[in-house]
Amino acid sequence: MGTATGSAFDIETLRRGIEGNTGNTLLSLYADDAEIRIVDRNHQPSHPTVLRGRGQIAELLDDVYSRDMTHKLDRCVVQGDHAAFTESCQYGDGTRVLAESMVTLRDGKIADQLIIQAWDE
C-alpha cells in the first residue's frame with residue numbers, strides 16, 4: 001500500500017487519519033469543496049446526510065473523534081481517480097460500526113464520498 005499511480009492520494013495517510021485520535025490528518029485528504037453523502041438506517045438513500053465543504057466535514061470528524069471508539073482501515077483499493085475502502089469501528093461498550101466508502105479523487109484529494117454505514121443495535 002502506498003501512493004496510487006498517477007495520483008498524490010496516499011493510502012498510508014488515509015490509514016493514519018482513520019486510525020488516529022483526531023480527524024485532522026483525515027481532513028487534510030479532502031478538497032476544499034468536497035462533498036460527503038452518508039446513507040444509513042436513519043438517512044435512507046433518497047434522503048442521505050449531505051456535508052459540503054471542509055468546514056462541515058471538520059465538524060463531523062470532530063464529533064466522531066470525540067467519541068469513545070476506535071477506528072480501523074480494513075481495506076483500500078485505488079484505481080485512477082477513484083478509491084474504495086472499508087472502515088470498522090468499535091465503541092467502548094463493544095458496539096460495532098462498519099462503513100464502506102466510494103470516493104472520487106481530484107488532484108489526489110477526496111472530492112466526493114459516498115459512505116454506507118451500519119452498526120450493531
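Residues numbered from 1 in each chain as written. Predicted model: local features only at pLDDT ≥ 70, side-chain atom pairs only at ≥ 80, totals over all residues. Heavy atoms only, no water.

Concerning the confidence of the model for the protein chain
Atom-level detail of predicted coordinates should not be read off regions where pLDDT is low.
Inference 1: Mean pLDDT over the protein chain: 93, with 93% of residues reaching 70 or higher.
Inference 2: Contacts from residues 1–6, a stretch scored under 50 in pLDDT, to residues over four places away or in other chains number 11 contacts. (pLDDT = per-residue confidence, 0-100. Contact = heavy atoms within 4.5 Å.)

A closer look at the nonpolar core
Inference 1: If you look at the biggest cluster of nonpolar residues, it comprises 29 residues, and the most contacted ones within it are Leu14, Leu26 and Ile57.
Inference 2: Of the residues forming this core, the biggest block, five residues, is contributed by helix α3 (residues 53–65).
Inference 3: Filtering out sequence-adjacent residues up to four positions away, Ile57 remains in contact with Leu27, Tyr30, Ala34, Ile36 and Leu51. (Core = buried A, V, L, I, M, F, W, Y, C linked by side-chain atoms within 4.5 Å. Buried < 20%, exposed > 50% of the residue type's maximum accessible area, 1.4 Å probe, protein only. Helix = DSSP H or I, 4+ residues; strand = E, 2+ residues; numbered from the N terminus.)

Some details on the sheet that holds strand β1 (residues 30–39)
Inference 1: Read across the sheet, six strands follow the order β2-β1-β6-β5-β4-β3 without closing on themselves; strand pairing throughout is mixed. Only two strands of the sheet have a single partner each, and these edge strands are β2 (49–52) and β3 (69–79). Each neighbouring strand pair of the sheet contributes to a mean axis angle of 15°, computed without reference to strand direction.
Inference 2: Across four bridges, β1 lies against β2 in antiparallel orientation. The residue of β2 that forms the bridge with Glu35 is Arg52. (Pairing = 2+ DSSP bridges. Axes fitted to C-alpha atoms, helices over the stretch in contact; angles between N-to-C directions.)

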